[in-house]
Amino acid sequence: MFAFFVPQVGTFIRSMRKLIYKSWKRPDPIIFVLVAVSESLMTIGIAILVYIVLPRLDSVKALMLTNAVCFIPAVLAFVANLLHKLQRIDFRNDPHAIPMLMLDLLSVLAQASAFVVWPLIYDYDPFLWLVVAAVILISCGWWENFAPLNERFQKLVRFENSRYLIYLFLSLWKCLVFFTSMVAIEWIRVGEIEHIFNKFTESFQDHQINVTEVTPQISGESSIIEDAIDGGGGATIDVYGLTPVWVFLINIFATYICYIVGKWACKINVQGFSYSFPINLTVPVCLSVLIAMCGQYMADNCAFRHTIPLHMFFNSPPIYELRDFIFQQHVWIWLLWLLSQAWITRHTWLPKCEKLATTEKLFVRPMYEPFLIDQDLALNRRVDDGADWRDEIEDNDFIQDIDEIRSRPPNFAEPHPDDSITRIYACATMWHETKEEMMEFLKSIFRLDEDQCARRTVREQLGFNLPDYYELETHIFFDDAFVRVSQDDPDPLVNDFVRTLVSSIDEAASVVHEVNIRLRPPKKIITPYGGRLVWTLPGKTKMIAHLKDKKKIRAKKRWSQVMYMYYLLGHKLMERNDISSDRKDVIGENTFILALDGDIDFQPKALHILVELMKKNKNLGAACGRIHPLGSGPLVWYQMFEYAVGHWLQKATEHVIGCVLCSPGCFSLFRGKALMDDGVMRKYTTKSSEARHYVQYDQGEDRWLCTLLLQRGYRVEYAAASDAFTHCPEGFNEFYNQRRRWMPSTTANIIDLLMSARHTIKINDNISRGYIYYQFLLLFGTILGPGTIFLMLIGAFVAVFQWSQWTSFLWNAIPLGFFILTCVLFSGDNIQLFVAGILSGIYSLVMMAVLIGVVLQTTSDGWLAPSSLFFFSMVGGYIVTAFLHPKEIHCLKFGLVYYVTIPAMYMLLVIYSVFNMNNVSWGTREVTVVSKPENNPNSATPAAPKEEKKTKNWIIRWCGAKPEDTTGAIEFSLATLFKCVFCTHMDAEEDKQLSEINKSLKEIQERLYRIEKVNDIDVTDFQQTRRKTAATIIATGAAMNIAADAASDLHILRGRSSTSPSIQSLNIIENSWLEDDVLQRGEVEFLFNEEEEFWHGLLDKYLHPIDDTKDKARVAQDLKNLRDKMVLAFFMINALFVLVIFLLTLNRDVIHLQWPFGYSVNFTYMDDINLIWIEKEFLQLEPIGIVFLSVFASLIAIQLVGMLIHRFQTFTQVVANTVVNLSLWKTRAEKLTEDEMLERNPVEVAKQLQKLKGVDDEKENAQEVQPARRKTVVWLDQRSRKQRDTINDLDTAFQRRAGKIIDNKDYKGPIRRDTVMAIQRRKSRMIRPSGLIGFEQNRRNSRLIDLDPPPSRPSRGHQNLAFQEDSTI
């Protein structure tokens, strides 16, 4: 009974958890009654089987009977298959239809034979006819999985949102029904039920039972009980009271482990070998073991006395049945039951669901049945759990699909098959990245391009329907991409960073493909926000660089994100009129934005893992991977350990108990449908107008975007197996400025989430009150971090240096107070950072001394002392965590750097962040770099005038004088050592002269630059370029003014008059960046009207440059006011916390807790009274220790548990994505045909064939050339022809290499010739009749949305120029 109750209690707990944390609906009354009746009947049937039928059978026959409980599923499966075949399939054309139905019918008959087999064999026992009732009632519990339901009733039965509400009540109801059935059966059998209650406690105590020996008749075949010989003897056996408990524990642990392992096998898609095969072998294997044990028991009754109590051994069959077991008739009937069960549950051999599917998608009922665990696992596994992605494209289905699509109108409203294709827009934001950082990003994009091309080839040329196929388009949004000579310069040029990007593309492609590559020059497009460059990569995917002019569009990362959200999701999807809203919904659900930084480095596998998470959970709004920092130096070492611990513990715990709060913008995948939510995208465009907006919105835009997703009900997850690498700050100042920006933003977003906790919990199924409490504890710990570290240092000083509490307090308060005073008096970052750096070095030395002190204190107080136990528990936790991340265990060695920098990072950094909250600059790479003028006349990048130095001596500024006050009424100095100035004032005459000189120099510099621009442009060449590109750009009035000024300057400086070129002959254009030396070879094209109107509308509404000159003073004052409030609150909270804990510590003799571990024992012998006095001296747990154990230790414990759960999930994900070729025979792979070998890993075969390395020459099988005189002219001509014919795209390389391998038998390529022949056979099967190939090509081209198709172009579905030549934009 209790074994039956355990899974029901598990169902109740699971249902309660789902109802608390997930959304649910009230069930339909019909469904509730139907499920309640079926579950009740199944419970009654199990009670009959357990308490009546099985005790009357021997153990062998009882085990056989468990294969005959599939009667109702067998009948329903036969009816469902019959109806399906009658409706969908013509029997005359399907040779398998009749045999399949016959096997279904035979399975029904085989299961029905169990109704009469045992009652006829044991005809003396009428109770065995209850087998019919037990089998039918039990099989009613699995009706839902096999019922032939129509489409309307299927939707009614799929009560996923209300299933757990139903089973919340049914779990308790089933316990009541089972208990009632047990009592009723006992009353029918015995006639009384009082002993069930009166002797319940006695049954779990040691007692004795009387055993009467009954010897069966050996000769003959009669098994009637009356024919048995009474041995006439009896015995009394002592029974151990806990024996039933051990049986109970064995049952619940064995069944639960079986259920968990079986579910895990289904999740990782090893269901055939690790799920179905063991389930079908369970009864045969158990039967073999049982027969062997019973035979040994018959030979020696004491064989198992030390393992199994004598009175609890299996009810063995007669010995003659054991000897002639294989010849018994019922054995052959059992084989029919076993085979029929295997046929009924044949769906378990071919799973159709995706990897890592949820439990609700794998099984119908929430838990398992403990008495029939193997049958329940087989019958409870869903039949229709998804589409079979392994099915290849069949010819008839393909032609039927084409005819269907041709018959559809252009704006067909139903979802198109291509709408569910995964579409990925890789969107990177760039600003001032170095060439090395750009190279890492570009190499990652080229690897993605290569991977996508291979999958496209496999899917469209070989006909494999890949589940992980995706389509790619890359966008780079370049902030502040232009430079000007002055603020009013209407003709900016691209800066050096853009030029570096353009020049690095060929180099990155050459590194990835291991061969020198020169891509086609990018197309140049003038846009309302600046400009655009478009490349076609070797894999035929597009890479588009959007050059942002900060004079035309808002700068910074958040506005770049707004830019690509509205462009890619709004303009290219939602503004389309040729598809319906339903299709847009499907496309948006399968469109993802891969947010990247300009220095990110990752492999395609990392992206596949994130996409897999998105496919698994449709409510997943964002997913991030494991970020690894790159760089060198102690600060990078600190960040490597900090990032590791943050991901190992914090992100993993957030993923398990709720949602990840921040999906970093350097490498994260966002679902397009989630971003298009009105409460996300529209609110994300909010312009910062209040002080807190600048802190929350602009300082940590990635975290705010995730906060908006959580508040709208979406989930954010973390995948530890998805690795990405990014550069991190290497300098102290840069690091502190970065964290000064992150820390207030993180705090502001957590407070925002806590303030909206009630609404978020209601709308988001993944956010619970427990998760909110956890985040509150983290926020509480962050705010009190400086005070806690300060108290820890006081305690460490007392323990290490043996100082008093007050002395330690003063020695720690002096440097901390000095740093706080520095932050108050000096508003500039440099002085604060200088002091912080010095104090960080001092504290690092102090922490090393503390480490030595902890070791010394451990030797005196023991390992179980509070401080020692806490310290080594923390260290041990980190070590265990690191060993559970074997690939990242190298980060553990940087833990020492992390330890010595704890005061600097958790005390000084927090104080610095709070005091500089009003500074909303990014702090990293804040200097705008402009190219210096070069001697090369072709250089088009001007030199920007240096900014006038506004400040001089900080001492003068600190004393209240103005920066320009350099002269005083009273002055005296000592040589050049110092100068004292009193009653300062400005030297008016001198400053006036310097100002005029500076102004004149600026005018001359600007005029010289205009002259150089005119001289650099050759009119004839420019007109030829115009004719070549068909570009007609008319000079604006501003450009004409520049040309006139330049002509005037030429006349003045060169002394020319009428010989100077006229303004009309100087066709100066406003967008001269198009003729930059690194961009000259590219073609110039234009936006379509619709897209240009879109950009103008977006700029006017959201992205126009912000003129904050009027509100700048008000915003600055508001930020200071906010900073002052936060500083006061922060200071008071920490001061009160330190004061209370310190005062309690001073009175620790009165206020403390006795530590129960590690106490010392003192022995005192008293001679006068001859007495030994024994005294225990307990260690004291001080107040600061109580705080640590109650708050921080509990947080660490929660994070360790969350980490362990997430580790198992990650292990499951890795195993699910790992292909292991297990072969029981070594010759099995050799017996596979080339077609079967190709089907195993077609993507890898395609990658080998499309490699650019070696496709243009014979390097793959070249032999050594003997020294000889060569024909130089002929060789040079051949070389030039080969360079002209160089292959730079992967599709052509695929065809070329495959052709070489087929045509030349001696050609040794990366793939065997037989494999290439198998590819050709598959491609030949893909060839269609005349007229279909062109249409298929159009289908292949209908993937990603075009940049903006012209109105005159006919609609062809979802456009993607990645599969076309670059003839149009």
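Look a little higher up for the structure.
Residues numbered from 1 in each chain as written. Predicted model: local features only at pLDDT ≥ 70, side-chain atom pairs only at ≥ 80, totals over all residues. Heavy atoms only, no water.

*Asks:* Can you walk me through the overall build of the protein in this structure?
*Replies:* Per the secondary structure count, the protein includes 50 helices and 19 strands. In the protein, the proportion of contacts linking residues at least 24 apart, taken out of those at least 6 apart, comes to 78%. Of the roughly 69,100 Å² that the protein leaves accessible, carbon and sulfur atoms contribute 60%. (Helix = DSSP H or I, 4+ residues; strand = E, 2+ residues; numbered from the N terminus. Contact = heavy atoms within 4.5 Å. Areas by Shrake-Rupley, 256 points an atom, 1.4 Å probe, with all protein chains shown as cover.)

*Asks:* Would you explain the packing of aromatic side chains in this entry?
*Replies:* Aromatic ring pairs are described here by two measures, namely the spacing of the ring centres and the angle between the planes. Under the criterion given, the structure shown has 40 aromatic pairs. With a centroid separation of 6.3 Å and 35° between ring planes, the pair formed by Tyr567 and Phe1094 is classed as tilted. Taken together, the residues Tyr567 in helix H20 (residues 557–574) and Phe1094 in helix H41 (residues 1089–1103) connect sequence positions 527 residues apart. Accessibility expressed as a relative area gives 10% for Phe1094, which makes it buried. One aromatic cluster in this structure is built from Tyr638, Phe641, Phe732, Phe735, Tyr736, Tyr878, Tyr898, Tyr906 and Tyr912. The ring of Tyr469 is capped by Arg459, whose NZ or CZ atom sits 4.8 Å from the centre of that ring. Taking NZ or CZ as reference, Arg558 lies 4.3 Å from the ring centre of Trp559, over its face. (Phe/Tyr/Trp six-rings, centres within 6.5 Å; stacked < 30°, edge-to-face > 60°. Buried < 20%, exposed > 50% of the residue type's maximum accessible area, 1.4 Å probe, protein only. Lys NZ or Arg CZ within 6 Å of the ring centre and 35° of its normal.)

*Asks:* Mind showing me how you'd approach the side chain of Arg1322 here?
*Replies:* With respect to the secondary-structure elements, Arg1322 resides in helix H49 (residues 1313–1326). Reaching out from Arg1322, the side chain makes a polar contact with the backbone oxygen of Leu462 at a distance of 2.8 Å. (Polar contact = N/O pair within 3.5 Å; in protein donor to acceptor, adjacent residues only side chain to side chain.)

*Asks:* Help me understand the pattern of salt bridges, please; the structure alone is not making it clear to me.
*Replies:* Opposite charge on two side chains makes pairing possible when the charged atoms of those side chains draw close. The final tally for this structure, using the stated rule, is 45 salt bridges. Residue Arg455 pairs with Asp468 through a salt bridge whose shortest N-O separation is 3.0 Å. With Arg455 in helix H18 (residues 435–460) and Asp468 in the loop between H18 and strand E4 (470–478), this pair connects stretches of sequence that are 13 residues apart. A relative accessible area of 8% places Arg455 in the buried class. When the shortest N-O distance is used, the salt bridge between Arg484 and Asp549 registers 2.8 Å. One end of the pair, Arg484, is in the loop between strand E5 (482–483) and strand E6 (493–494); the other, Asp549, is in the loop between strand E9 (542–548) and H20, with 65 residues separating them in the sequence. Residue Arg484 shares its accessibility class with Asp549, and that shared class is buried. (Salt bridge = Lys/Arg side-chain N within 4 Å of Asp/Glu carboxyl O.)

*Asks:* It is not clear to me how helix H5 (residues 97–112) should be interpreted in this structure. Could you clarify?
*Replies:* Two residues of an α-helix separated by three or four positions point the same way, owing to the 3.6 residues in each turn. For H5, spanning 16 residues, the distance from its first C-alpha to its last is 23 Å, which sits close to the expected 22 Å at 1.5 Å a residue. The complete set of buried residues in H5 reads Ala97, Leu101, Asp104, Ser107, Val108, Ala110 and Gln111. (Expected span 1.5 Å × (residues − 1).)

*Asks:* Would you take a moment to explain the packing of H20 against helix H27 (residues 701–711) for this structure?
*Replies:* A packed helix pair is summarised by two numbers, namely the angle formed by the two axes and the spacing between the axes. Packing of H20 against H27 brings their axes to within 10 Å, and their N-to-C directions diverge by 50°. Overall, the two elements H20 and H27 adopt an arrangement that is oblique. On H27, the residues that touch Lys557, Arg558, Gln561 and Met565 of H20 are Glu701, Asp702, Trp704 and Leu705. Partitioned by chemical class, the residues of the contact of H20 with H27 number 3 nonpolar, 1 polar and 4 charged. (Axes fitted to C-alpha atoms, helices over the stretch in contact; angles between N-to-C directions. Parallel < 35°, antiparallel > 145°, perpendicular 65-115°, else oblique. Nonpolar A, V, L, I, M, F, W, Y, C, P; charged D, E, K, R; others polar.)

*Asks:* Quick question: what am I supposed to make of the pairing of strand E14 (residues 715–727) here?
*Replies:* Within a regular strand, side chains alternate between the sheet's two faces. Where burial is concerned, most of E14 is hidden: 10 out of the 13 residues are buried. The sheet contact formed by strand E11 (residues 601–602) and E14 spans 2 bridges and is antiparallel. Among the inter-strand pairings, Asp601 is bridged to a residue of E14, identified as Phe725. Relative to E14, strand E12 (residues 620–630) runs parallel, the two sharing 10 bridges. Considered in E14, the bridge of Cys624 is made with Tyr718. (Pairing = 2+ DSSP bridges.)

*Asks:* What is the right way to read the sheet that holds strand E3 (residues 422–430) from this model?
*Replies:* Within a sheet, neighbouring strands are paired by backbone hydrogen bonds and run either parallel or antiparallel to one another. Read from one edge of the open sheet, 11 strands run E11-E14-E12-E13-E10-E3-E4-E9-E8-E7-E17, paired in mixed fashion. The open sheet has two edge strands, E11 and strand E17 (1084–1086), and neither has a second partner. Relative to strand E8 (residues 530–536), strand E7 (residues 523–527) runs antiparallel, the two sharing 5 bridges. Bridge pairing in E8 places Lys524 opposite Leu533. Each of E3, E4, E8 and E9 is contacted by helix H19 (residues 496–513), which is oriented at about 150° to E4, the strand it contacts most.

*Asks:* Hey, could you run me through the pairing of E8 in this one?
*Replies:* Counting buried positions along E8 gives 7 out of 7 residues, so the element sits mostly inside the fold. Hairpin connection between E7 and E8: a loop of 2 residues separates the two successive antiparallel strands. Adjacent in sequence and paired antiparallel, E8 and E9 are bridged by 5 residues, among which Lys540 carries a positive phi angle near 70°.

*Asks:* Got a minute to help me understand unusual backbone geometry in this structure?
*Replies:* As a rule of thumb, non-glycine residues mostly have phi less than zero, and peptide bonds are mostly trans rather than cis. Look at Asp480: it is not a glycine, yet its phi comes out positive at around 50°. Along the chain, Asp480 turns up in the loop between E4 and E5. Accessibility expressed as a relative area gives 9% for Asp480, which makes it buried. Here the phi dihedral of Gln802 falls at roughly 60°; this positive angle occurs in a residue that is not glycine. Note on placement: Gln802 falls in the loop between helix H31 (785–801) and helix H32 (805–825).

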